[in-house]
Amino acid sequence: MRVLPNWKSGVRPRVGAPLRALLPILLLALATGCGVEYPQSTIDPRSDFAEIIHGLYVSIFWWTMLILAVVWIALSWTLVKFRARPDDPKPKQIRGHLGLEIGWTVGPALIVVAIAIPTIQAVFATQRPLEGDPIVVEVTGHRFWWEFHYPEQGVTTANELWLPVDRPVSLRLGSVDVIHSFWVPLLGGKRDVNPVRAVREGQDPRYNWLYFTPNEPGLYMGQCAEFCGESHAFMSMRVNVVTEGDFDAWVAGWFDSSGAAIPGDPGVIEGADPEAGTAVGPRDDEVESGMATAQAGDAADDDLVATGRDIFLNQAACGACHAITGTAAQGDIGPNLTLFGLRTSLAAGIMENTPENLAAWIIDPERFKPGVNMPGTGYNMESRIVAGSPFFWPATGLDDEQVRAVSAYLLSLR
Amino acid sequence: MSTATIDQAHAGHSTHDEPTGLWSWITTVDHKRIAIMYFITATFFFFVGGVEALIIRMQLWNPEQSLISPELYNQLFTMHGTTMVFLVAMPMAVAFFNYVVPLQIGARDVAFPRLNALSYWIFLFGGIYINLGWFIGQAPHASWVGYSTLTSSAYSPGLNTDFWFIGLSIIGIASIAGGVNFITTIVNMRAPGMKMMRMPLFTWMTFVTSFLLITAIPVIAVALIFLGFDRTFGSVFFEPAMGGDPVLWQHLFWIFGHPEVYILILPAFGVISDVIPTFSRKPLFGYPIVVYAGILIGFIGWGVWSHHMFTVGLGPIADSFFVAATMIIAIPTGVKIFNWIATMWGGSVQFTTAMLFSVGLLAVFTVGGLSGIMHASAPVNLQQHDSYFVVAHFHYVIVGGAMMGLWAGLYYWFPKVTGKFLDETLGKWHFWTTMVGFNLTFFPMHFSGLFGMPRRIYTYSAELNVDLYNQLSTVGAFIFGISALIMAWNIYRSARRGAPAGPNPWNAATLEWSIPSPPHHYNFPEIPVVRSREPLWNAGEREEVLAVTMPDPAEEPVMPVPSYWPILLAFAITLAWALVMTGIWWVIVLGIVPVFFCVLMWAFEPAFPEGH
Amino acid sequence: MAHTAAVHDSPDAHASHDAHATNTGISNFKLGFWTFLASECLFFGTLISTYMVYKGSAIVGPYPADLFDILHTTLSTTILLFSSLAMVLALHYVHEAKRNVAIGWLFAVIAMGGAFLYLEFQSYLKYIGYGLTLGSSTFGSSYYVLTGTHKAHVAVGMIWMAILAWRIHQGKIPPSKSDQVEVAGLYWHFVDIIWIVIFTLVYLIP
């Protein structure tokens, strides 16, 4: 039923990191052979945050193995040595031994202290903003997708977070509906994305923060780790850690119309704050101006893209929910689709971003993600009443050809 | 105390035991019958929760599979958790409290026999009620922890969550009543000479657990009331848009929820603390230490709730406090394990099925305890929380701890309850299939968790490469399911045709073994005097005790009269709570009327035959 | 509700059958009820804590400072306090086997409980007039659920007293069964003490 992604994470396991491999050595080798990738492994750190956690985990792991060995050996030894034999006399009725009691109280207590001290150090070390010039991203959890807003860069994107390598990151986490949890295991531990509580005027709302510095470029997988309803399992994300140069280019591409197959009307670019404008502007003018500046290329493809753009902005009014920088589409209900063509996955990381998958998604999102707010074309589903909201999103009523055009338009945004 | 003579035993008095028949069970106030009903009901729900688990495991067999719908999946895992905690592990422990505690302390019944019956019927009706949603396709679906705001009317608009919060509130009443009952029983109704520090460990752990019940349940009761008001009457406790705090729910839930973990595990610790000495033929090593460790676990258990909330963002100071408290609680738990091993050391260890389950508990519970230490470390917790690693951990603790202990208790006390042994061959099959199935189910979950599989997901991406671990788990789950069938068959068969067991088939030391199996409905013809922790192991004391406990009495003790008001009151309470679902205030108020009526009738009905 | 049922379980029957009394010398009925009250402490403790956490987090008014009328609440508090005295006297006269006097004092308890409820509902109406409702803010939610739960306890207590008065009238509570009144008294005093805590934390502390 689902369209399977064949996308590869691009993150190669580092060879020869003995600590990471130690826990499951035997079972792993036995069960999986070599070369299996675990794109959401918690024991394969690629950031300072993940490394602190992993170091702690490894040391605790060995302590617990020590305790387990002591208990199991003592237990087995006792059971073998003192198993009942037919001619057993009545065993000596020993009721206790103070020295032993003290010993097995103090021994574990010392181990506990040995674990607790580095733990508490790590607690403090990982919960403060990092030195340097952190890049701030405001993460907003939605049922069932992720919104990423870069306040300094003025960029808003969805489901695929771009970060420059080796630069500290401060993620500000807030939810608009239920509790989610931001978790990209290779880059560190999770942190709950709590609904933002309303506060009195003059007070600041409280957010959770997550601080880390990714230290290796790659495309990392993550997903929501707090049960958030029907499609909780389909709320994934990607984090694209790139070089500083690539990152800057990506940000520039956000505003630079030259990269887009059909550039938007410069007049509606909201500059540093694309979130500000949500009103749907005069559509006909824009389409015309967009058409006027169309780049040269394959004429049929261009036509398709142009048709798709027209449908997106006008007929299907996708802009009521979605935003595309440089167009009249400025909705902030659904994911921002600017530079959509650059995304590797769609629908919050559950499918590879191909024309076929995208078309299937547009036709019937409910099929892939039950409980989603986005309406389908109406082929096989009713309009959905969004839970807790009085608004209807009517079916778009597009036919297959129109869907193909919209897909082509969206994929051209790169 | 009075000294019964052997003459009395031969006085020719026939013991007219309780009448039989359905009505006699419905109106019974006998703690032993109530215990049996608790056990059977809990075992029934164990199979219900087990089938739910098996469907979950089938859905997770392959990545990106869609055997069932996500909504049904969510209902299944929600009800699996709710059922196993509230309708299986807790009531099964209560079944043992009921049967064993009065016998161990030399009492004829619990302090409040009718209240005891009420607890059972409320539990039964609440358990049925919370499952009613299945019949209209709206079973609870917001997970067993019911985190706000997922339970609000906005995100759970159907009746699903109504069944959940109302059902749990009903069951909570039963738990508080049970706690009050057992505290009173243990404090007030011990046989002469049965000092606190002579009580069998199972009674001790019942005592500690009862305190946890009466203190923890009110907290969740309040949380459920808040949730009910939010859903039904428009209050804003958990409404962020109005300044409400969803995290408050988590605090309240886990302030209850962590003591709840000890409510589940301490009874099992109590069982094996009685079983291990019996089958090692040695008294419990370090008795006072084991008692104090249990009390300490109960106390510290109150200060660790936020270790379930390390990802919530409480700040480093709160995190550090709860790290420290959580790690401290590992120490008394470890002490208990070492004391159990020391009890066996130097003994003559007989591997009966009860003993196998006790030893099995020591072996696998330790694994769960140690993985618990791992995520007690807050930073590590950030990687493991809400992943399958945690699922592995708490199943090792609750199944490998609580359930293993209770099954040990089943094999240990079954001869007392029925006068027949559970079949030992089938018992060993039960044990080994349990060990294989259980470990095969839950050990691979450590790996699926470490490799990033979150819990409560309907399906997982093929890219995670965790399908092998999931398939192992699924195979294990079915083996585990077979072990449960073996257990059920063993119980059924042995209850009918088991080998007869005498009063003290295991040569155990405590008072419950001083009376016939099964016991008379009045338990003790005369209350024995106790002079040590192991009355039946000490020459002299043993004869004295048996002299009063074994013979038929000259005159049968007067016992509480049966009553149908417990079941009627339980029904009225369930009905009153159910009417909250209507959301109409006058219907809700009207619903209280039958409750009030039943309370009155209960109050005016004499608990004992007239003239006594 | 179940709990009040619990307390009617026959108090001393067990002791009378065994040659020995209970281990503590306290009847099961009374000990069980104390245990239940311990449970109630946690119940109210949770409600009060929630109120303390929430009273400041209301994002819209009215706020606590806008509403509470110390004088009015002091009056109702005083009445409730005096009802405890009446309760003590009622128990005293049950011990003395002066049935009618005891019934009189029980009615005094009921009357004072009623007056308390009347005054409190009056302030409810006033607060609702000011716009504080169950759903208006977190302060409103936690205030009404906390005090409403307490009022429900007072109401249950009044009904209990009425039943006791009737039973005394029928002659079914001789001094030997004064436990039944004593436990009702425990309950009433407990409800009273909880109100003192609520009064202090909710109304007196700004």
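Residues numbered from 1 in each chain as written. Chains lettered and ligands numbered in written order. Predicted model: local features only at pLDDT ≥ 70, side-chain atom pairs only at ≥ 80, totals over all residues. Heavy atoms only, no water.

A. Structural view of the overall build of chain A. Helix and strand counts for chain A stand at 10 helices and 14 strands. Within chain A, buried positions represent 54% of all 414 residues. The contacts of chain A with a sequence gap of at least 6 include a subset with a gap of at least 24, amounting to 64%. Carbon and sulfur atoms make up 60% of the accessible area of chain A, which totals about 17,600 Å². (Helix = DSSP H or I, 4+ residues; strand = E, 2+ residues; numbered from the N terminus. Buried < 20%, exposed > 50% of the residue type's maximum accessible area, 1.4 Å probe, protein only. Contact = heavy atoms within 4.5 Å. Areas by Shrake-Rupley, 256 points an atom, 1.4 Å probe, with all protein chains shown as cover.)

B. Just the interface of chain B and chain A, in detail. Taken together, the 98 residues of chain B in the interface contact 100 residues of chain A. Summing the contributions of chain B and of chain A, the shared interface buries around 8,400 Å²; its carbon and sulfur component is 67%. Its largest share of buried area at the contact with chain A, chain B owes to F338, Q383 and E463 of chain B, together 9% of the area lost on that side. If you look at where chain B meets chain A, you find 31 residue pairs in polar contact (both at pLDDT 80 or more). Mapped by element, the contributors of at least two residues to the side of chain B that touches chain A are α4 (70-105), α8 (246-280), α9 (287-300), α10 (316-344), α11 (353-376), α12 (378-384), α14 (424-450) and α15 (467-497) of chain B. Looking at the side of chain B that touches chain A, the element that brings in the most residues is α10 of chain B, giving 14 residues. Partitioned by chemical class, the residues of the side of chain B that touches chain A number 54 nonpolar, 32 polar and 12 charged. (Buried area = accessible area lost by both parts, 1.4 Å probe. Polar contact = N/O pair within 3.5 Å; in protein donor to acceptor, adjacent residues only side chain to side chain. Nonpolar A, V, L, I, M, F, W, Y, C, P; charged D, E, K, R; others polar.)

C. Representation of the packing of helix α6 (residues 160-188) of chain B against helix α17 (residues 565-579) of chain B within the structure. Residues and elements named next belong to chain B. With their axes 10 Å apart at the nearest point, α6 and α17 run at an angle of 150 degrees to one another. Between α6 and α17, the crossing angle belongs to the class labelled roughly antiparallel. Judged by the twist between their axes, the crossing of α6 over α17 is right-handed. In this structure, α6 contributes I166, S169, I170 and I173 to the contact, and α17 contributes I573, T574, W577 and A578. (Axes fitted to C-alpha atoms, helices over the stretch in contact; angles between N-to-C directions. Parallel < 35°, antiparallel > 145°, perpendicular 65-115°, else oblique. Left-handed = near helix turned anticlockwise from the far one by under 90°.)

D. View of the interface of chain A and chain C. Between chain A and chain C, the residue contacts involve 4 residues of the former and 7 residues of the latter. Buried area between chain A and chain C, summed over both chains or domains, comes out near 380 Å², and the portion from carbon and sulfur atoms is 50%. The largest per-residue losses of area from chain A upon contact with chain C belong to R197, A198 and R200 of chain A, which jointly make up 93% of the total buried on that side. Across the chain A-chain C interface, the total number found is 0 salt bridges. There are 2 residue pairs in polar contact (both at pLDDT 80 or more) connecting chain A and chain C. Among the residues making up the side of chain A that touches chain C, the classes are represented as 2 nonpolar, no polar and 2 charged. (Salt bridge = Lys/Arg side-chain N within 4 Å of Asp/Glu carboxyl O.)

E. Structural context of the domain arrangement of chain A. Residues and elements named next belong to chain A. We note that the domain assignment places domain 1 (30-83 + 94-255) and domain 2 (259-411) within chain A. In this assembly, 23 residues from domain 1 lie in contact with 24 residues from domain 2. In total, domain 1 and domain 2 occlude about 2,100 Å² of area from one another, counting both sides; carbon and sulfur atoms represent 55% of this. Considering only the surface of domain 1 that becomes buried against domain 2, E160, F234 and W254 emerge as the three largest contributors, covering 25% of it. Linking domain 1 with domain 2 are 0 salt bridges. Linking domain 1 to domain 2 there are 10 residue pairs in polar contact (both at pLDDT 80 or more). Mapped by element, the contributors of at least two residues to the side of domain 1 that touches domain 2 are β2 (145-150), β3 (155-158), β10 (236-242) and α5 (244-255). No other element matches α5, which puts 4 residues into the side of domain 1 that touches domain 2. Classifying every residue of the side of domain 1 that touches domain 2 gives 10 nonpolar, 9 polar and 4 charged. (Domains from an automatic or database assignment.)

F. Highlighting the nonpolar core. The biggest cluster of nonpolar side chains holds 372 residues, and the ones touching the most others in it are Y150, L171, F182, F312 and L410 of chain A, L410 of chain B together with Y143 of chain C. At 22 residues, α4 of chain B tops the list of elements feeding residues into this core. When residues of this core are assigned to domains, at least three map to each of domain 1 (30-83 + 94-255) and domain 2 (259-411) of chain A. Excluding residues within four positions of it along the chain, F182 of chain A makes contact with V139, W146, F148, L161, L171, L173, G189, K190, R191, V193, L210 and M237 of chain A. (Core = buried A, V, L, I, M, F, W, Y, C linked by side-chain atoms within 4.5 Å.)

G. How the structure looks around the pairing of strand β5 (residues 169-175) of chain A. Residues and elements named next belong to chain A. Most of β5 sits out of view: 7 of its 7 residues are buried. Alternating positions in β5 separate into two faces, V169, L171, L173 and S175 on one and S170, R172 and G174 on the other, with burial throughout. Two elements, strand β1 (residues 135-142) and β5, share 7 bridges in a ladder whose sense is parallel. Residue pairing for β5: I135 is matched across the bridge by V169. In the sheet, β5 pairs with strand β8 (residues 208-212) via 5 bridges, with the strands oriented antiparallel. Its bridge partner lying in β8, L171 is registered against L210. (Pairing = 2+ DSSP bridges.)

H. A look at a nonpolar patch on the surface. Residues and elements named next belong to chain B. Among the surface-exposed residues, F233, I584, W585, W586, V589, L590 and V593 lie close enough to one another that they form a single nonpolar patch of about 740 Å² accessible area. With 5 residues, the single largest contributor to the nonpolar patch is helix α18 (residues 585-604). Looking at the element boundaries, V589 is found in helix α18. For V589, a relative accessible area of 46% puts it in the partly exposed group. (Patch = residues over 30% accessible without salt bridge, like charges linked within 9 Å, V, L, I, M, F, W, Y side chains within 5 Å.)

I. Broad picture of the environment of W183 of chain A. Residues and elements named next belong to chain A. Positionally, W183 belongs in the loop between β6 (180-182) and β7 (191-193). The buried category is assigned to W183, whose relative accessible area is 0%. Here the alpha-carbon distance between W183 and D400, two residues 217 residues apart in the chain, equals 37 Å.

J. Representation of the pattern of salt bridges in the model. A complete count under the given rule lists 23 salt bridges over all chains for this structure. The closest approach of N and O atoms between D245 of chain B and R197 of chain A, which form a salt bridge, is 3.3 Å. With D245 of chain B in the loop between α7 (201-233) and α8 and R197 of chain A in the loop between β7 and β8, this residue pair bridges two chains. When salt bridges that share partners are traced, they join D44, R46 and E216 of chain A into one network.

K. Quick peek at the packing of helix α3 (residues 28-54) of chain C against helix α7 (residues 138-169) of chain C. Residue and element names in this part refer to chain C. Remark: α3 packs on α7, axes separated minimally by 7 Å, with the N-to-C direction vectors making an angle of 155 degrees. As judged from the angle between their axes, α3 and α7 are roughly antiparallel. The crossing of α3 and α7 is left-handed. From α3, F33, E40, F43, F44, L47, I48, T50, Y51 and Y54 reach across to α7, where they touch T138, F139, S142, Y143, V145, L146, T149, H150, H153 and W160. Across the contact of α3 with α7, the residue classes break down as 12 nonpolar, 6 polar and 1 charged.

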